Amino acid sequence: MTSQNRLIQWTAHAFLMLIALACILPFLLLFMSSIADEQAILRDGYSLFPAEFSDAAYRYLARESTQLIRAYGITVLITVVGTSVGLAITAMLAYPLSQKAFGPRKPLTFIVFFTILFNGGLVPTYLVYTQYFDMKNTIWALIVPNLLMSGFNILLMRTFFLTSVPDAVIESAGLDGAGQFRTFVSIVLPLSTPILATVGLFQGIGYWNDWFNGVIFITNPAYFSIQNILNRILMDIQFLSSSNMSSHVGDAMSSIPGTTVRMAIAVIGVVPILIAYPFFQKYFVKGIMIGAVKG
Amino acid sequence: MGTTLWQRTWRNVARNKAMYVMVIPGLLYLLVNNYLPMLGLVIAFKDVDFAKGIWHSDWIGFKNFEYLFKTSDAWLITRNTLGYNAVFIVVNFAFSIAIAIFLNEITSKFFSRFYQSVLLLPYLISMIIVSYLVFALLSQDTGMMNHTILPLFGIKEISWYNEPVYWPFILVIVNLWKNAGFLCVVFLAAIIGIDKEYYEAATLDGASKWKQIRLITIPLISPVIVMMLLLFIGRIFYADFGLFFQVPMESGPIMNATNVIDTYVYRGLMQIGDIGMSAAAGCYQSIVGFVLVLLSNYVVRKINKDQALF
């Protein structure tokens with residue numbers, strides 16, 4: 001019996017260890033490439049064990065940091081503003097939809113729900129934001145299209161208010177003379193931190209990782225987020241490798257950051273998430289679980 | 001009698017003023033971000049002319065669709081979108097279920113938590129970072145595959161970004177790498193929810209672990225598997241844009257293997273500037289996608305009413 005159990009433990013560990021390695025090694029490769037010597041990479045290729053190390057990439061980034069710091073600022077700004085405004089709008093819409101006293105809650109819930117089933121897609125959305133709201137090359141284009149990431153979050157929050165905030169608490173607050181908005185802010189929200197944390201977290205990660213809005217709405221590098229800088233570098237590599245080696249390519253080539261610098265920028269882009277991960281992991285896993293129950 | 005609908009509505013508004021105000025920003029947002037673009041689907045039936053404005057452009061009926069379906073692209077992108085998603089579903093589900101079952105066997109709390117965290121790492125990062133990682137592996141001149149791994153097996157270097165035959169495998173692997181952790185957590189939650197008594201009884205009867213997995217675990221999580229399957233099938237007409245756009249790095253020679261509806265719509269709109277064709281492809285996706293969501297939900301309802309979205 002125990003020998004069978006031990007065998008299972010070892011098999012499970014071996015299998016999972018392999019998968020864990022497959023998940024971690026690419027990150028390690030990224031990091032190692034950022035601290036490798038440029039010549040070593042050009043000679044031996046990207047490697048987990050570069051022959052020579054160098055901090056040239058990070059020194060280069062520190063020297064040429066103006067654009068990078070700006071991009072970092074943009075990423076932080078859209079993440080903070082987008083997440084907090086998005087969370088506020090989501091909660092304010094979700095709460096009335098959970099209250100029986102609110103007359104039109106059923107039709108309005110359907111209006112939210114329908115956006116999950118059906119959408120206009122890229123072309124009309126693009127035209128609405130560029131033609132009617134003139135958001136091209138503004139910071140708004142990086143914030144507004146993601147504010148309510150998905151109607152799903154609103155329904156998730158509504159379900160939480162419905163099931164986890166007791167009616168009695170809300171009623172007694174009303175009897176004590178608190179207005180509906182006061183009740184919402186000072187009674188309901190504090191009781192709902194788990195769902196606020198979960199939805200906020202997914203929204204925050206979404207903003208931090210977003211490159212799509214930058215790609216379709218932003219051409220002015222002044223509004224590039226970190227992701228968009230990385231995207232631009234990738235496009236330049238692709239452009240050069242597909243165009244013929246003509247005389248002016250040399251110039252362009254020298255303007256593209258070297259291999260190690262590229263990897264260093266990518267490292268800077270992921271590190272904040274990796275550092276924060278242990279702190280939000282609990283909510284992250286919980287969020288995936290509730291999302292799946294009714295998703 | 002006495003109270004009409006209007007009176008009742010008015011009284012409800014008067015009594016719940018605050019709540020009516022609270023929903024305004026959210027509803028306005030949905031109007032602009034979701035409902036206006038839905039109306040905008042009609043541009044697929046127009047000959048868009050910015051000089052005249054979108055609404056005043058001429059109606060041309062199904063012309064855009066005729067052009068679209070006359071090209072070989074329409075078939076190609078439909079086939080790729082459906083084909084890739086179908087393979088993604090099978091591969092991701094098989095792997096995630098296996099991982100979840102193994103993960104559930106781990107008795108050490110520390111390792112269980114460690115594996116879970118590590119498995120979710122790829123799910124946390126953007127597709128841009130993923131394409132940097134893939135490039136580090138596959139780049140012709142400096143990639144780890146060509147420099148380190150292939151020589152070990154005596155295989156000569158491969159020009160990955162120019163050879164379409166490899167891309168179905170590459171995309172399936174990258175997609176699995178990125179998303180397996182997510183599905184695994186979902187299935188693990190279902191497995192943890194199984195009553196331990198079943199296993200205790202089975203152990204007393206002398207059932208082997210493998211038998212327990214086959215006869216207890218899998219049957220008891222099958223409702224969750226089926227629901228997740230139908231959810232994914234409902235989205236089968238939508239491709240992961242980042243995966244198909246970023247990871248192949250827009251390399252021309254492999255386009256037939258990497259072009260899906262979403263990338264086609266993007267290129268039509270942003271690169272080629274053929275808004276009509278692009279809008280027609282997007283409209284085709286929205287409508288077929290909608291029908292598929294309704295259909296899969298209908299099936300879910302038949303199986304288990306509680307799990308249905310509506």
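Residue numbers here run from 1 along each chain, matching the order of that chain's written sequence. Whichever chain is written first is A, and whichever ligand is written first is 1; the rest continue in order. Given that the model is predicted, a residue must reach a pLDDT of at least 70 before its local features are reported, and side-chain atom pairs must reach 80 or more before they are shown or counted; all residues, however, enter totals for whole chains, interfaces and linings. Heavy atoms from the whole structure form the basis of all side-chain values; hydrogens and water molecules are not counted.

## Some remarks on the overall build of chain B
When helices and strands are counted, chain B shows 14 helices and two strands. Based on C-alpha atoms, the radius of gyration is set beside the globule rule, defined as 2.2 Å times the residue count to the power 0.38. For chain B, the C-alpha radius of gyration of 25 Å lies well beyond 19 Å, the compact-globule estimate for 310 residues. Whether a residue is buried, partly exposed or exposed follows from its accessible area with a 1.4 Å probe, protein chains only, as a fraction of its type maximum: under 20%, in between, or over 50%, in that order. Here chain B holds 310 residues, and the buried ones make up 51% of them. For chain B, the proportion of contacts with a sequence separation of at least 24, taken over those separated by at least 6, is 62%. Areas reported here follow the Shrake-Rupley algorithm with a probe of radius 1.4 Å; residue values treat only the protein chains shown as occluding. Carbon and sulfur atoms provide 67% of the accessible area of chain B, an area that totals close to 15100 Å². A helix here means a DSSP run of H or I that spans at least four residues, while a strand means a run of E at least two residues long, and both kinds are numbered starting from the N terminus. By definition in these notes, contact holds between two residues if any of their heavy atoms fall within 4.5 Å.

## Some points on the packing of helix 4 (residues 65-98) of chain A against helix 10 (residues 180-191) of chain A
Residue and element names in this part refer to chain A. To get an axis, fit a line to the C-alpha atoms, keeping to the stretch in contact for a helix; angles then go from 0 to 180 degrees between the N-to-C directions. Running from amino to carboxyl end, helix 4 crosses helix 10 at an angle of 105°, the nearest separation of the two axes being 12 Å. Taken as axis vectors, helix 4 and helix 10 run roughly perpendicular relative to one another. Judged by residue contacts, Ala91, Met92 and Tyr95 of helix 4 engage Phe181, Phe184, Val188 and Leu189 from helix 10. Its residues assigned to classes, the contact of helix 4 with helix 10 shows seven nonpolar, no polar and no charged. By the definition adopted for this analysis, an angle is roughly parallel if under 35 degrees, roughly antiparallel if over 145, roughly perpendicular if from 65 to 115, and oblique otherwise. Residues are grouped as follows: nonpolar covers Ala, Val, Leu, Ile, Met, Phe, Trp, Tyr, Cys and Pro; charged covers Asp, Glu, Lys and Arg; every other residue, Gly included, is treated as polar.

## Some remarks on the domain arrangement of chain B
All names here are of chain B. Start and end points for every domain follow an automatic or database-based domain assignment. Split by domain assignment, chain B resolves into domain 1 (5-45) and domain 2 (63-307). Just the C-alpha atoms count here: the centres of domain 1 and domain 2 sit 36 Å apart. Facing the four residues of domain 1 at the interface are six residues of domain 2. Buried surface area refers to the total accessible area, computed with a probe of radius 1.4 Å, that the two partners give up upon joining, counted for both partners together. Here domain 1 meets domain 2 over a buried area of about 430 Å², counting both sides, of which 79% is carbon and sulfur. By salt bridge we mean one thing: a side-chain nitrogen of Lys or Arg within 4 Å of a carboxyl oxygen of Asp or Glu. Our enumeration of links across domain 1 and domain 2 arrives at zero salt bridges. The definition of a polar contact used here is a pair of N or O atoms within 3.5 Å, where within protein one atom must be able to donate a hydrogen and the other to accept one, and adjacent residues in sequence count solely through side-chain atom pairs. Put simply, domain 1 and domain 2 have one residue pair in polar contact (both at pLDDT 80 or more) between them. Considered class by class, the residues forming the side of domain 1 that touches domain 2 number four nonpolar, no polar and no charged.

## A few points about the confidence of the model for chain A
When pLDDT is averaged along chain A, the result is 86; 91% of the residues meet or exceed 70. Values of pLDDT, which run from 0 to 100, indicate the predictor's confidence residue by residue. The low-confidence segment residues 244-253 of chain A (pLDDT under 50) makes five contacts with residues lying over four places distant or belonging to another chain.

## Structural notes on the environment of B:Asn179
All names here are of chain B. Position of Asn179 among the secondary structure elements: in helix 8 (residues 167-192). With 83 residues separating them in the primary sequence, Asn179 and Ser96 have C-alpha atoms 9.1 Å apart. Aside from chain neighbours lying at most four places away, what touches Asn179 is Asn92 and Tyr123.

## A closer look at the packing of aromatic side chains
Stacked, edge-to-face and tilted are the three classes for Phe, Tyr and Trp ring pairs, Trp counted by its six-membered ring, which pair at centre distances within 6.5 Å; planes under 30 degrees apart are stacked, over 60 edge-to-face, the rest tilted. For the structure on display, the rule yields 45 aromatic pairs over all chains. Judged by centre distance (5.1 Å) and plane angle (65°), the rings of B:Tyr84 and B:Phe244 are edge-to-face. A residue pair is termed long-range when its members are at least 10 positions apart, and B:Tyr84 in helix 4 (residues 72-105) and B:Phe244 in helix 11 (residues 241-246) qualify at 160 residues. Of the two residues examined, B:Tyr84 and B:Phe244, each falls in the buried class. Clustering of aromatic rings is evident, with ring pairs tying together A:Phe202, A:Tyr277, A:Phe280, A:Phe284, B:Tyr123 and B:Phe182. By definition here, charges over rings are those cases where NZ of Lys or CZ of Arg is within 6 Å of the ring centre and within 35 degrees of the ring normal. Across the ring face of A:Tyr283, the terminal group of A:Lys282 is positioned such that the distance to the ring centre comes to 5.3 Å. Over the ring of B:Trp59 we find B:Lys46; its NZ or CZ atom is 4.2 Å from the centre of that ring.

## Quick notes on the pattern of salt bridges
Within this structure, the stated rule accounts for six salt bridges over all chains. Overlapping salt bridges, with partners in common, bring together A:Arg43, A:Asp44 and A:Glu52 in one network.

## Brief notes about the interface of chain B and chain A
The interface is formed by 97 residues belonging to chain B together with 99 residues belonging to chain A. Taken together, the two surfaces of chain B and chain A that pack against each other cover about 8900 Å², and 76% of this comes from carbon and sulfur. It is B:Met22, B:Leu124 and B:Tyr132 in chain B that bury the most area against chain A; as a group they hold 10% of the surface buried on that side. Counting every contact that joins chain B to chain A gives zero salt bridges. Put simply, chain B and chain A have 23 residue pairs in polar contact (both at pLDDT 80 or more) between them. Considering each element in turn, the side of chain B that touches chain A owes the most residues, 18 residues, to helix 2 (residues 17-39) of chain B. Per-class residue counts for the side of chain B that touches chain A are 68 nonpolar, 22 polar and seven charged.

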